[in-house]
Structure formats: C-alpha cells, structure tokens
Amino acid sequence: MLERIAEIIKEQLNVGDVEITAETKFKEDLEADSLDLFELVMALEEEYDVEIDSSDLEKITTVGAVMDYLKDKGVEA
Amino acid sequence: METKITKLLGIKYPIIQGGMAWVAEYHLAAAVSNAGGLGIIGAASAPAEIVREQIRKTKELTDKPFGVNVMLMNPNAEEVAKVVIEEGVKVVTTGAGNPAKFMGAWKEAGVKVIPVVASVAMAKLMERAGADAVVAEGTESGGHIGSATTMTLVPQVVDAVNIPVIAAGGIADGRGFAAAMMLGAEAVQMGTRFVVAKESIVHANYKEQVIKAKDIDSVITGTSTGHPVRQIRNKMTKEYLRLEKEGASLEDLEYLTLGALRKAVIDGDVVNGTLMAGQIAGLIDKEMTCQEMIEEIMTQAKELLNK
C-alpha cells in the first residue's frame, strides 16, 4: 500500500522524487498546505473507492495515518 | 434581484461583505445588512466573549440577517462556534481552514454554513460535509489568499458543485458583479470596497491608502510561510519581503507582523502596519455609505445584465 500511496502523494503534491515512509509528515516534511491535503483526499478517494470525512482530516498528519485510516475503512493492505 | 443566495439567506441584494479581521465589526456589518446585503462580523482571533458582544451590538443596529466569519486557525474557534449558535446567528462563513468538525452542530442549530474555498477539491469536500453554499475566493482578494484567480476559480467551482457559489476577489462595482453572474455565481462577496465605507471604523489613514492605491500597488507577503497575504506595499512589506528573500525564520517574520493589522486599522500607522486590500483597490476612489455603494453596484449591474 505504501508504494502506491507514495506515488499518489508525489503526483498530487509535486514533491519530486523524495523518500516517503510511514513516518513522513505532510505539513512538516512535504510542505503541504491545507489545499494540497484536499487534493490528496480527492485522489485517495478515487483510488481506493472510499469516502474520507473532512472532519477526519486533522487526524491524518502522516503517511502512516493515511494507511491506518484506509485500513479502518476496509481497504486491503 | 432574486438569486439562490438571496432566497437562502433572506436578503434583498446578493452582496455579502467579507469577514475582514479588525475591519468587519458591528458598525459595518449592520450597515451592510441594513442596505440589503449581508453584513458579516469578522471573528478573526478575537476571544469568544468579544464576538458575543459584537453580535449583540449588531442586533441593536439591524433587524436584518447578518453573519459571523469564523477563522478556523483561531485557537478560540471552538468557543466562537458555540457563541454563534447561542446568539442565534443565522449565517456563518468560515476562513483559514476546514470547518468540517463544526458543521454538524451548526446545521443542527439551523445555521447556514458558507465556507470560503480556494480550490475545486475543497469546494467539493465542503459540499459533501453539508455546506449550504461556498465563497469561491480568487487571489485578487486582500488578506489571506489562495493562488487561483477569480476568473478561473468561479466557473470551475460552479461546474463542480450543486450548491450556490458566491464569487469573491477583485469585485468592487457593477461590472465586477455582472461578470461574476456571467461566471455562474449567485452572489458576490466584497471586502476592499467596504473598507472605505463611511460606516467602517477603519482609520482615515488606512482608507486614504486604499483610495490612493493604484492597480499594481499590492504585494503578497508570507508565501514562504504557507500563509500568503495580499496587502498594499509600504515600508513594512518591503522589510518583510527582504527578510523572506534572505530566508528569515518564521519567528522573525512573525515578529514583524505581530499586531500590525491592528496598528494599521485602529491606530492608522500606514508605514509599519499591515494594509490588507485586494487588487481592485485601484478602482476604489471615494468613501460612500454602504447604502450608496450597494445601490450604485446594483443599478450598474442590472443595466449590464439586461443589455
């Protein structure tokens, strides 16, 4: 899952070829602002066919948190 | 003029006043509402009890609908969100963040929720979270801004959502109003024009700078911090941009702007203060009452739209 999510992040946030791990923080490490996160949510929803509640956004601060969130929503790892 | 927004909010004209920090206090909000638009109290970073007082004072001056802009980066946002409900405010606009966590409580209390958005993705997610309308705000605006222009953002948001869209950024007269309608908006939000309203408590020096400003007199500071702000250039912005270019720390930059908006709006320090204003400031050339402004805009817009 990490590999695919990393691809989506790189594409959405235009961060180039950086290393993305479960610990990567969107704001601090990738300099994503709130608008970037909305773009990312739309892309993840499309990829995994889930609905990400906007009120959950503040909990999703790292790549690992995204993976946990998606797993909770029933997405297969 | 009747649009989806005038019906939704129970107002006469589809003109909404921006929730500008320090500027959007009760005198201005009440004057805009009394003139048939929707006045807005800008809660900015004010403590919740100050916001309550502002709401009560607005009610003393108008029996028309008005709203409160809740700035979500404000550490007091949660309390302000509650005060809005307790005081029976009918409309909330939100800025600087994601209002989703307050949406449930507001909707339950019958508050109409209108987030300010700067992208299509944000507009779509806000619609899904229950927003009644969105303000699509272009980068022409004063204060905190996104990067898409009003001309490009408004039609794209209109196409992406089924709720009404309010256009903001660069609108100050009947031509801008009519253009926004052509882009599919159901109302406009204006900030800079109302800064120089006769009823606005903004210091005369600040108003003079807005009136004197030309088309290219605004600059964007803070791009490096992730929170870009459009304002009229002065000694402070020159220093800020120099520091920013040199890669100064966030602390140094914040030190420069600490209290700077208050300094400009209240104390009239137009040299060291923050003169937030949109690019349309160049078009604004005199102080008028809110009533005069709104009537003038609507007369001009109706003429253009009926052509």
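Treat the numbers as computed from the prediction; the structure is a model and nothing was measured. (Residues numbered from 1 in each chain as written. Chains lettered and ligands numbered in written order. Predicted model: local features only at pLDDT ≥ 70, side-chain atom pairs only at ≥ 80, totals over all residues. Heavy atoms only, no water.)

**Here we look at the pattern of salt bridges**
Residues and elements named next belong to chain A. Using the criterion set out here, one finds 23 salt bridges over all chains in the structure. A salt bridge links Glu47 to Arg4, with the nearest nitrogen and oxygen atoms 3.0 Å apart. Note that Glu47 is positioned in helix α3 (residues 34–48) and Arg4 in helix α1 (residues 2–13), a separation of 43 residues in sequence. You can call Glu47 partly exposed: its relative accessible area is 36%. With a relative accessible area of 31%, Arg4 lands in the partly exposed category. (Salt bridge = Lys/Arg side-chain N within 4 Å of Asp/Glu carboxyl O. Helix = DSSP H or I, 4+ residues; strand = E, 2+ residues; numbered from the N terminus. Buried < 20%, exposed > 50% of the residue type's maximum accessible area, 1.4 Å probe, protein only.)

**Quick look at the environment of Ala100 of chain B**
Mapped onto the elements, Ala100 of chain B comes out in helix α5 (residues 100–108). Of the residues examined, Ala100 of chain B reaches a relative accessible area of 9% and is grouped as buried. Taking the C-alpha atoms as reference, Ala100 of chain B lies 7.3 Å from Met126 of chain B; in sequence the two are 26 residues apart. Beyond its immediate sequence surroundings of up to four residues, Ala100 of chain B is in contact with Ser54 and Ser55 of chain A. (Contact = heavy atoms within 4.5 Å.)

**Quick notes on the nonpolar core**
Ranked by size, the top nonpolar core spans 108 residues in total, and within it Phe26 of chain A together with Phe194 of chain B carry the most contacts. The element contributing the most residues to this core is α3 of chain A, with 7 residues. (Core = buried A, V, L, I, M, F, W, Y, C linked by side-chain atoms within 4.5 Å.)

**Let's talk about the interface of chain B and chain A**
It is common to give the size of an interface as the accessible area that goes away when the parts come together. The partner chain A presents 12 residues to the 12 residues of chain B that form the contact. There are 3 salt bridges connecting chain B and chain A. Across the chain B-chain A interface, the total number found is 3 residue pairs in polar contact (both at pLDDT 80 or more). Those elements that provide at least two residues to the side of chain B that touches chain A are α5 and α6 (120–129) of chain B. (Polar contact = N/O pair within 3.5 Å; in protein donor to acceptor, adjacent residues only side chain to side chain.)

**Here we look at the side chain of Glu186 of chain B**
Residue and element names in this part refer to chain B. Within the fold, Glu186 resides in the loop between α8 (174–182) and β9 (187–190). For the buried Glu186, no salt bridge is present, and the opposite-charge side chain at shortest range is Lys4, 4.1 Å distant. Aside from chain neighbours lying at most four places away, what touches Glu186 is Thr3, Lys4, Ile5, Pro14, Pro164, Val165 and Met181. (Lys, Arg positive; Asp, Glu negative; His and termini not counted.)

**As for the packing of aromatic side chains**
The description of two aromatic rings rests on the distance between their centres and on the angle between their planes. Residue and element names in this part refer to chain B. Under the counting rule described, the total for this entry stands at 1 aromatic pair over all chains. An angle of 50° between the planes, with centres 5.5 Å apart, marks the rings of Phe102 and Trp106 as tilted. Note that Phe102 and Trp106 are positioned in helix α5 at a spacing of 4 residues, about one turn of the helix. Take Phe102: its relative accessible area is 8%, and that puts it in the buried class. (Phe/Tyr/Trp six-rings, centres within 6.5 Å; stacked < 30°, edge-to-face > 60°.)

**Looking at the sheet that holds strand β11 (residues 229–232) of chain B**
Residue and element names in this part refer to chain B. Spatially, 3 strands are ordered β7-β11-β10 in an open sheet, and the strand pairing comes out antiparallel. Taken across any chain shown, the strands that pair with only one partner, and hence form the sheet edges, are β7 (143–144) and β10 (218–221). As judged from the 2 bridges shared by β7 and β11, these two strands associate in the antiparallel manner. By the bridge assignment, Gly143 is partnered in β11 with Arg230. Contacts from helix α11 (residues 235–245) reach β10 and β11 within the one sheet, and its direction differs from that of β10 by about 40°. (Pairing = 2+ DSSP bridges. Axes fitted to C-alpha atoms, helices over the stretch in contact; angles between N-to-C directions.)

**Here's the deal with the side chain of Asp132 of chain B**
With respect to the helices and strands, the residue Asp132 of chain B is situated in the loop between α6 and β6 (134–137). The exposure class of Asp132 of chain B is buried, given its relative accessible area of 16%.

**Remarks on the packing of α1 of chain A against helix α4 (residues 63–72) of chain A**
Residues and elements named next belong to chain A. For the pair α1 and α4, the least separation of the axes is 11 Å and the interaxial angle reads 120°. Compared by their axis directions, α1 and α4 come out oblique. Of the two possible hands of crossing, α1 and α4 adopt the one that is right-handed. Here α1 contributes Leu2, Ile5 and Ile9 to the contact with α4, which in turn contributes Val63, Val66, Met67 and Leu70. Tallied by class, residues from the contact of α1 with α4 come to 7 nonpolar, no polar and no charged. (Parallel < 35°, antiparallel > 145°, perpendicular 65-115°, else oblique. Left-handed = near helix turned anticlockwise from the far one by under 90°. Nonpolar A, V, L, I, M, F, W, Y, C, P; charged D, E, K, R; others polar.)

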